[in-house]
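Chain by chain, the residues:
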Amino acid sequence: MLAKRAPPGAAGCGRLLAEALRPLLRGLWPCWAAGPQRRGLRAAEEAPAERLVQREKRSGVAVRRFIACPRLARTVQQCLQRGAGPGPQPVLLEFSPGPGILTQTLLDAGLRVVALESNLAYLPNLQSLENSLDGQLKVIYGDFFRLDPLVSGTLKPPAVCSDKLFETMGVAAVPWRADVPLRIFGIMPHTLERNRLWRLLFSLYECNSIYKYGRVELNVFISEREYLVLTGKPGRAWAYQALTVLAQIGCEIELLHMEPWSSFATNMKSGGLAIPKSKRLPNDHLCLVRLTPQQNLFTRGLKPTNAATFIFMVKQCLAKPKSRLRDRLNSWSLDNTSKLLKELEIPKNAVVRDLYPEDYRRLFEALQNSSTFAETWFCEDVLESVRTINL
Amino acid sequence: MALLRLRAALRGPGGLRGPGIPWSVLRSYSSASAKEVSTNGTCERTELLKVLKARAKQLQGSNIPEVTVNKVEAAPLENDKSQDPLQKALAPHPMEEQPVPRAVGGSPARPSSWARKLQKETYIQQLKLERKLSMAASQLDLGDQAKAEAKPKTKAESKPKAKAEAKPKTKAEAKPKAKAEAKPKAKAEAKPKAKAEAKPKAKAEAKPKAKAEAKPKTQAKATAKPKAKPMKSPKTPKASKAKAATAWSQSCASPHSVYTHSKPTVELGEEGVKLKRPHGRLKDKDSSQHKVLQETIHSSLECFLFLQQPEQAERFLLLCHSDPRKRKLLDVSAYNIVMRSWARKGCLQHIDRLFSMLESAGFRPTLDSYTAALECMGRDQSSPEAIWRYLQRLTSDGFHVDELFQKCLFEEDEKEKVLSAIKTVLPNYLPPPPPKPQTCKSSLLQDFYSKEKVVSYPKLDFTVEELKERFQQQLEMELNNTITIESVEAAKPLTPQAVKARELLTMLRSQWHNNILQALQKSKHSMAVAKARARTLSSYNILYPYLCLLPDEEYVGIMLQVLNTLSPQGESLAVLARELSSRVYTRYITQRKLQSQQLEKVQAVYENYIHLLAKDSQPDQYLPREYWEKLVEEAGFGSSLNLKDCSWPFVILMRLGMHMLELLVKATKLPKNLLNPRLESKHIPVLYHIYSFQHTWQVGLIKPHPIFSQILTDAAETTLTFSSSAMPMLCPPVPWTSPHFGAFIMNDTKLMRFLDGAVQHQQLLEQCPPVNLHPVLDALTLLGNCAWKINQPVLDIIISIFNDKGNEELDIPPPLSEAPRPPTAPGHPSTWSKSLRREVLLCKKKAAEMHSLRMDALYKLSIANYVRDKVFWFPHNMDFRGRTYPCPPYFNHLGNDVTRAILLFAEGRPLGPRGLDWLKIHLINLTGLKKSSSLQERLDYANEIMEEILDSADHPLTGRKWWMNTDEPWQALACCMEIVKASRSPDPAAYISHFPVHQDGSCNGLQHYAALGRDLIGAISVNLVPCSVPQDVYSAVAQQVEEFRKKDAERGVKIAQVLQGFISRKVVKQTVMTVVYGVTRYGGRLQIEKRLKEIDDFPEDYLWEASQYLVKQVFNSIKEMFSATRDIQNWLTESAKLISQSGRTVEWVTPLGLPIVQPYYRSRSTVLNCGMQHLSVRTSDSSQKPDTVKQKNAFPPNFIHSLDSTHMMLTALHCLRQGLTFVSVHDCYWTHALTVDTMNRICRQQFVALHSEKILQDLSEFMLEKYCSSSSPNTVTIATWQKKLMEQLSNVPRTGEFNLNQVMDSTYFFS
């Protein structure tokens, strides 16, 4: 994990905005006005400020955040390109680009971009950009968070099916151990953020949805508190959770950048920032995090087919963080728990919160080999659990 | 909601068997599966729906769970190892709010000066001030509580900080705070008499502040007092009046109600305006925590009283009393309880000491305190001087000796002892005569209550002796608390496997019994040791007394029972905990009733009471309630029949339950190799604590080990254990005489169903003058007095099918052996393919559903079978809107087709000239055919198919089975049999029939709306206007929708074109029916979607769009057809919204005088740290703000329900006067075939009479007075919201030109 603290970047201009100019200009940022003329975005620039970020007329619409400041866009673009090797870069899928300011920046930097936008109001602008270019940008109508919905019946846009999406993008599936076939960038909406992360992890472990196509690299802005959970250390209260263990085993987590909430524009009617509250963990920033699935995820006992059991096991263990691992194992009516722990070199009285993610993996592998594990009623419950989480 | 809860309750036998708790505890984790029941087409089955519907109807009353334990989480609270259970009940972060009161307490000089200024304001701002008083008081209270929570270190830190903060603040900011703080104080001192009730509280709240100032308390008091005095003088005349009311409320109200709701009672004596004020709503979180703590202390003290351990009670009280922070949790009634326990022992010096403690705590003794003192002196034959001393004190406190007997409740021989003490000094003293019975003055019931036309109460076909014997049987059952009966499956032959499994179970159970007993005793012992050492309240184990109330064996028995009924899928911890503790509670109540000798008194009165009902005694011109009251009065039992309130707060219930559950989980083990001898012998737990995950929640579950479930299945035990309150009564119920007395002999039954913690209904009922409740009490008594018996031939047929393979078409759930087998696949489940897993899951789900349906039917049939030769009664109570329900939950006449078909009136009546015709018409009604035909046509049709009817009756299972293809097959079959028997008798008119004939209102909700709005078109379509054939509102709406659709289709709307030919009555029916009850577009869409799914050739792709479109059109059509209805609905909704936004709950009074309050408040969750896991308990109670959305959406349907229940009660009462047998299933009225015509006439008359009252006008006036009357003279400053509310409330919707009297001639109004 390369959790470096990135320089403040565009935070300065964002703060300025938030304090003074936001109510006046609503999206027509000062640094923007001073910036050089860019091709393709004329329409956006000429449009009244309100049109840049579509303010939702209806209340109760999910809050969306946008990068509306070119300086932030440049920072993000640099972050995204950091660590990229020579040779051809994979396509970048940007979901919910909104006014397209980052899209423009990325295009300027020479990236190939696919924009997946769910709000029809933003589409014309993006499409005109698409038309002005020679295939460097592809615009698709769809909602990244309604990808492969689990309900049956016909898909109604903006819900999209990953097969169709990848076909349109022209990205083919590659083996798990191959290089990243696709990079994705977007800002995670803070409503149901936790559920969305779970959903992503489930598809990762079961090689579903986008992960059917290989180790898709995800670059997302998530709230600081969720970032802290993803990167939590064993023993830490509040931050070390089932999600932590699964995320750390499932992927490499790299912090690319941190940016205050105020740097982002929202679609709130009032122009408010709508910063979600956090009780126990600091939550002052949005963190740009790169989640690259581990190459060796499915090397040992773990397989996409039994991953659900692994996830269920971790969740059961960490449901009560201060309980002892031994008690948890005993409650699955396993034989000789103590022997198992001894083999794994886990102390007898270990508390579940103190175990390293890798310990859980080893525990699971050992359990897979133990004959009694299959006989417990544990597996039946996995089925139910998967159903409820995956819905 | 109700559906969800039902689903939760049906999940397993564990949920079903309790004495009604499952309804109150909603497990949200089951909601996901419940949703699937309704959305998943493959699993959806009609009979499930039917059961659900019937259940939902029955449960509608208990709509909003007060203690909704819906989230159970293992909130990892850090270093909260503190053993103080009281503290644990508090939310984890009270510290955040600390600075506010701190800053307030900053300047010691301010309060008095502000008090001076306050004098002037008081006259003009009486009302406002009082509200602030309660707010500010609780704010202070909050501060202190926060302090109590804070660690000493933080305390020291926060003090200077807060002060420093207060200073730099601008004056404008500091002022209001100081004001708020001064007010409670000035108030508390200013009206010590008028506010006798509120005073202790206000004082208690004000005190901490005084302490915060680091000044002697007394000094602070002294400064405030003289200054406040001038204000007192103009109040004195009223104050003296208020005194009586105050004292009264104190003596009779429950401990917790004393706290929150003292004010409304006090104000009885003050200005009339104030009477209309809502309950003083204390500030959110802290006041309700305070309340919980106070309730906990009360109920613990009550336990010691019950255990006759005055020393322990006193010790507990002293622990609280000596702790300055805890002392403010005490109120007078806490001291009174301890006094009572000493009084029982006759230890006067202890009572003397408690009196001085009361004084030192700043309380004034109440009537109850004096009762205890006098009782004690009566017991130990004290000297007349001592008695005089107390009597003088009583008078000097402003009480009168007579009040002791008028306003106090007595248990055991308390009354006699008090009297004997008084007689020692006043030998000629006679207790005051009881108040004269009053008669209800409601104009709707003038005829009913006028003594001139009284006819004697209908007699039962029993002699006095027979009824006495039945009473004994019922009493015996209730004393046992539970009853074990043979299930209907007992008739099946026993397999050798079952014999073996049963032996095994017996062995295991006896082991478990010993283990649990040991564990219980051990834990009690360690608690006792800890308790004896406890020096402070925080180290005191609060649960100990609750584990001593019953013999140890009984606790073990309760735990083992729960173990037996645990469903294999597991059960949420919270539900199990509630179940365990409420079983303990019901037993405790029974024991208390025995101890207080209430039983003997009830028995004595009952034995005289049955003379009113028995056939061999003199006719009496009394109603049951009047007669009972007369007998009570004659026996001089007056105030000793009611038990003093002794409910347990939910925190205690949860903790006790969790403790027992933990013991159970830890103590029960079974050998692992029980079923598979190959395995090594090892003892493994029977129960497991695991988690189930719901999105981001985790719910703790207790799951039985599969081995144990397997043994239980193998054993196929055929006994069922029910709570005695789940059985029908074997003797006529005790008549309802007050909100807490009636129905069962011993079992606690409330007049109004509500959920734990919802005190507001009970308070409202108590505040209501008793005479206003008479009509409702009489109606409920009347419904409960209907005797029933079993239709044995039908029951036998049903049981034979049930014990065979069941029959889904006939609503007889098949046994689990008929469940679909899950596909077997090789290998570990984790390697199965997705579709295979899905299939397995579906099978499991189906099996779980079948299991719960099967169990439900098993319970119903087994109870029916148990009472098959008996005559039995269903005592009734009502929900908060006045809708009536039978108390026994499983088997009653509100049930589904099967249960209704096996019920008959115990009383038989000849058919008379029209009876047979009515039976035939009733049969056709049950078939669902000929809905739009006239009565004559239906009769003709019945005669036409007489062949089929005869065949069905004679060869139900072997013949042509005509009856099976009807809407309500079992009732149709029963009806066929009755018709055949009657027509074969020599003289059908003289044939004695026990068969109930039903008359249904056609869309009763819309009928009431149409009548309210005098809506002509609406009235026609719901049969308020005479017509030759019945009008069908559903077809009419469907037609209207079709018209809209056609127009849209012509305009090229795609979905309208798709829908061509699919719009039918059936598609819109449910939505139209529920529209009046407030179904939303969302719910309506789901209903329509479900109907469309049933149509095979409807394109699936368009489901969503089509249902969306249709629900819009249905709403539009209704708007078009029932214009006035929509206006009224909108008016009600808007009014409720504004009322709720002003911070009050919507209240109204039905035309019969029943006060109603909507119990919807915002909920709050409290985390309870119990050993096994943290429980997050959601509560919503009256100390919180009203939930505006619920208040507003629920008002129209609740109001209409209150009207339909009024109509039903009016009909019931007037039917009684005509000598009819009458029962109801909400808007479906039942009577004998002979009396159908009479009942119909009365029903119409009462409908016209009801709606001739100015219902909406009265409602508007009532609400204006309640919510808008401003007591302050400066009306200039009426807030805008108040103006808006006033405008809204006065703007009653206009009515149409429908002539109400036409209803009198409408045949199909109820048919």
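Source: prediction; values computed, not measured.

## Quick look at the overall build of chain B
Move 1: Secondary structure summary: chain B contains 55 helices and 24 strands in total.
Move 2: Within the span of chain B, comprising 1311 residues, buried residues form 62% of the whole.
Move 3: Sequence-distant contacts, at least 24 apart, represent 78% of the contacts inside chain B between residues at least 6 apart.
Move 4: For chain B, the accessible area works out to roughly 49400 Å², and carbon and sulfur atoms hold 53% of it.

## Notes on the sheet that holds strand β15 (residues 903-905) of chain B
Residues and elements named next belong to chain B.
Move 1: Taken together, 3 strands build an open sheet; the order of strands is β12-β11-β15 and the sheet is antiparallel. With partners counted over all chains shown, the strands left at the sheet margins are β12 (872-873) and β15, one partner each.
Move 2: Judged from the 2 bridges that link them, strand β11 (residues 787-790) and β12 form a sheet pairing that is antiparallel. Residue A787 lies in a different strand from β12, and its bridge partner there is W873.

## A look at the sheet that holds strand β24 (residues 1228-1232) of chain B
Residues and elements named next belong to chain B.
Move 1: Here 3 strands make up an open sheet; going across it, the order is β18-β24-β23 and the pairing antiparallel. Two strands bound the open sheet, and with one partner strand each, they are β18 (996-1000) and β23 (1223-1225). When strand polarity is set aside, the average angle formed by the axes of neighbouring strands in this sheet is 30°.
Move 2: Relative to β24, β18 is paired through 5 bridges, and the arrangement is antiparallel.

## Description of the side chain of S1205(B)
All names here are of chain B.
Move 1: Examined against the element boundaries, S1205 turns out to sit in helix α52 (residues 1188-1217).
Move 2: In terms of polar contacts, S1205 uses its side chain to reach the backbone carbonyl oxygen of R881, at 3.2 Å.
Move 3: Beyond its immediate chain neighbours, meaning those up to four positions away, S1205 contacts R881, G882 and R883.

## Re the pattern of salt bridges
Close approach of charged atoms lets side chains of opposite charge pair.
All names here are of chain A.
Move 1: Overall, the coordinates contain 48 salt bridges over all chains when judged by the stated rule.
Move 2: The partner of D359 in a salt bridge is R362, and the shortest N-O contact between them spans 2.9 Å. Linking D359 with R362, this pair stays in helix α15 (residues 357-369), spanning 3 residues, or about one helical turn.
Move 3: Classification of D359 by relative accessible area gives buried; the value is 15%.
Move 4: A relative accessible area of 27% means that R362 is categorised as partly exposed.
Move 5: Each of R300, E358, R361 and E365 takes part in salt bridges that share partners, so that together they form one network.

## Quick notes on the packing of aromatic side chains
Residue and element names in this part refer to chain A.
Move 1: Following the criterion strictly, the structure yields 50 aromatic pairs over all chains and no others.
Move 2: For the pair Y205 and F310, a centre-to-centre distance of 5.9 Å together with 45° between the ring planes defines the contact as tilted. You can see Y205 sitting in helix α9 (residues 193-206) and its partner F310 sitting in helix α12 (residues 307-318), a full 105 residues away along the chain. Accessibility classification places Y205 together with F310 in one group, the buried group.

## Remarks on a nonpolar patch on the surface
Residue and element names in this part refer to chain B.
Move 1: A contiguous nonpolar surface patch, about 240 Å² in accessible area, is contributed by L1016, I1017 and I1020.
Move 2: Mapped onto the secondary structure, I1017 falls in helix α45 (residues 1016-1021).
Move 3: I1017 gets classed as exposed once you look at its relative accessible area, which sits at 54%.

## Description of the confidence of the model for chain A
All names here are of chain A.
Move 1: Residues with a pLDDT of 70 or more make up 77% of chain A, whose mean pLDDT is 78.
Move 2: This model gives residues 1-50 a pLDDT under 50, and the stretch forms 86 contacts once residues within four places in sequence are excluded.
Move 3: Long-range and interchain partners of residues 387-391, a stretch whose pLDDT sits below 50, account for 14 contacts in this model, where long-range means more than four residues apart.

## Topic: the packing of helix α20 (residues 332-345) of chain B against helix α21 (residues 348-360) of chain B
Residue and element names in this part refer to chain B.
Move 1: The contact between α20 and α21 brings their axes to 9 Å, and the two run at 170°. With respect to their mutual orientation, α20 and α21 come out roughly antiparallel. Along the contact surface, α20 presents V332, Y335, V338, M339, W342 and A343, while α21 presents H350, I351, L354, F355, M357 and L358.
Move 2: Its residues placed into classes, the contact of α20 with α21 shows 11 nonpolar, 1 polar and no charged.

## A closer look at the pairing of strand β4 (residues 137-141) of chain A
All names here are of chain A.
Move 1: One ladder, built from 5 bridges, connects strand β3 (residues 113-117) with β4; its direction is parallel. Across the sheet, residue L116 finds its bridge partner in β4, namely I140.
Move 2: In this region the chain leaves β3, passes through helix α7 (residues 123-132) and returns to the parallel neighbour β4; the handedness of that crossover is right-handed.

## Section: the nonpolar core
Residue and element names in this part refer to chain B.
Move 1: If you look at the biggest cluster of nonpolar residues, it comprises 142 residues, and the most contacted ones within it are W628, I745, L1024 and F1199.
Move 2: If you tally residues by element for this core, the top one is α52, at 12 residues.
Move 3: Not counting chain neighbours up to four residues away, the residues in contact with L1024 comprise Q1007, A1010, A1011, A1019, F1247, F1298, Q1302, V1303, S1306 and F1309.

## Topic: the packing of helix α29 (residues 552-565) of chain B against helix α33 (residues 650-667) of chain B
Residue and element names in this part refer to chain B.
Move 1: The interhelical angle for the contact between α29 and α33, taken along N-to-C directions, is 75°, at an axis separation of 10 Å. One way to sum up the angle between α29 and α33 is to call them roughly perpendicular. Here α29 contributes Y555, I558 and M559 to the contact with α33, which in turn contributes M660, L663 and L664.
Move 2: Of the residues that constitute the contact of α29 with α33, the class distribution is 6 nonpolar, no polar and no charged.

## What about the pairing of strand β22 (residues 1174-1179) of chain B?
All names here are of chain B.
Move 1: Among the 6 residues that make up β22, 5 are buried, leaving the element largely enclosed by the rest of the structure.
Move 2: With 6 bridges connecting them, strand β21 (residues 1164-1169) and β22 associate as antiparallel partners. Within β22, the position partnered with L1168 by the bridge is L1175.
Move 3: Taking the residues that link successive antiparallel strands as the turn, the β21-β22 hairpin has 4 residues.

## Concerning helix α37 (residues 792-803) of chain B
Move 1: With 12 residues, α37(B) extends 16 Å from end C-alpha to end C-alpha; this agrees with the ideal 16 Å at 1.5 Å per step.
Move 2: Inspection of α37(B) places V794(B), L795(B), I797(B), I798(B), I799(B), I801(B), F802(B) and N803(B) among the buried residues, and these make up the whole buried set.

## So, the environment of I690(B)
Move 1: Its location among the elements puts I690(B) in strand β6 (residues 687-694).
Move 2: A sequence separation of 13 residues divides I690(B) from K703(B), and the C-alpha atoms of the two residues are 7.3 Å apart.

## As for unusual backbone geometry
All names here are of chain B.
Move 1: Phi is positive for A743, close to 65°, though the residue is something other than glycine.
Move 2: Topologically, A743 is positioned in strand β10 (residues 741-743).
Move 3: Classification of A743 as buried rests on a relative accessible area of 1%.
Move 4: For N1023, which is not glycine, the phi torsion reads 70° and is therefore positive.

## A word on the confidence of the model for chain B
Residues and elements named next belong to chain B.
Move 1: Mean pLDDT over chain B: 76, with 75% of residues reaching 70 or higher.
Move 2: Every residue in residues 1-52 is under pLDDT 50, and counting partners more than four places away or in other chains gives 146 contacts.
Move 3: The low-confidence segment residues 54-284 (pLDDT under 50) makes 380 contacts with residues lying over four places distant or belonging to another chain.
Move 4: In the model output, the complex is listed with pTM 0.76 alongside ipTM 0.73.

## Focus on helix α36 (residues 770-784) of chain B
Residues and elements named next belong to chain B.
Move 1: Under the 1.5 Å per step criterion, the end-to-end length of α36 is 20 Å for 15 residues, consistent within 8% with the ideal 21 Å.
Move 2: Along α36, the helix axis deviates most sharply at V776, where the bend reaches about 30°.
Move 3: Most of α36 sits out of view: 13 of its 15 residues are buried.

## Remarks on the environment of A239(A)
All names here are of chain A.
Move 1: Residue placement: A239 occurs in the loop between α10 (224-230) and α11 (242-250).
Move 2: Residue classification places A239 among the buried residues on the basis of a relative accessible area of 1%.
Move 3: The spacing of A239 and N195 is 44 residues in sequence and 16 Å in space, taken between C-alpha atoms.
Move 4: With residues near it in sequence (within four places) discarded, A239 still touches L228, V229, G232, T244 and L281.

The rules behind these values
Residues numbered from 1 in each chain as written. Chains lettered and ligands numbered in written order. Predicted model: local features only at pLDDT ≥ 70, side-chain atom pairs only at ≥ 80, totals over all residues. Heavy atoms only, no water. Helix = DSSP H or I, 4+ residues; strand = E, 2+ residues; numbered from the N terminus. Buried < 20%, exposed > 50% of the residue type's maximum accessible area, 1.4 Å probe, protein only. Contact = heavy atoms within 4.5 Å. Areas by Shrake-Rupley, 256 points an atom, 1.4 Å probe, with all protein chains shown as cover. Pairing = 2+ DSSP bridges. Axes fitted to C-alpha atoms, helices over the stretch in contact; angles between N-to-C directions. Polar contact = N/O pair within 3.5 Å; in protein donor to acceptor, adjacent residues only side chain to side chain. Salt bridge = Lys/Arg side-chain N within 4 Å of Asp/Glu carboxyl O. Phe/Tyr/Trp six-rings, centres within 6.5 Å; stacked < 30°, edge-to-face > 60°. Patch = residues over 30% accessible without salt bridge, like charges linked within 9 Å, V, L, I, M, F, W, Y side chains within 5 Å. pLDDT = per-residue confidence, 0-100. Parallel < 35°, antiparallel > 145°, perpendicular 65-115°, else oblique. Nonpolar A, V, L, I, M, F, W, Y, C, P; charged D, E, K, R; others polar. Right-handed = clockwise from strand over helix to strand, strands pointing away. Core = buried A, V, L, I, M, F, W, Y, C linked by side-chain atoms within 4.5 Å. Expected span 1.5 Å × (residues − 1). Bend = angle between axes of the 7 residues up to and from the residue.

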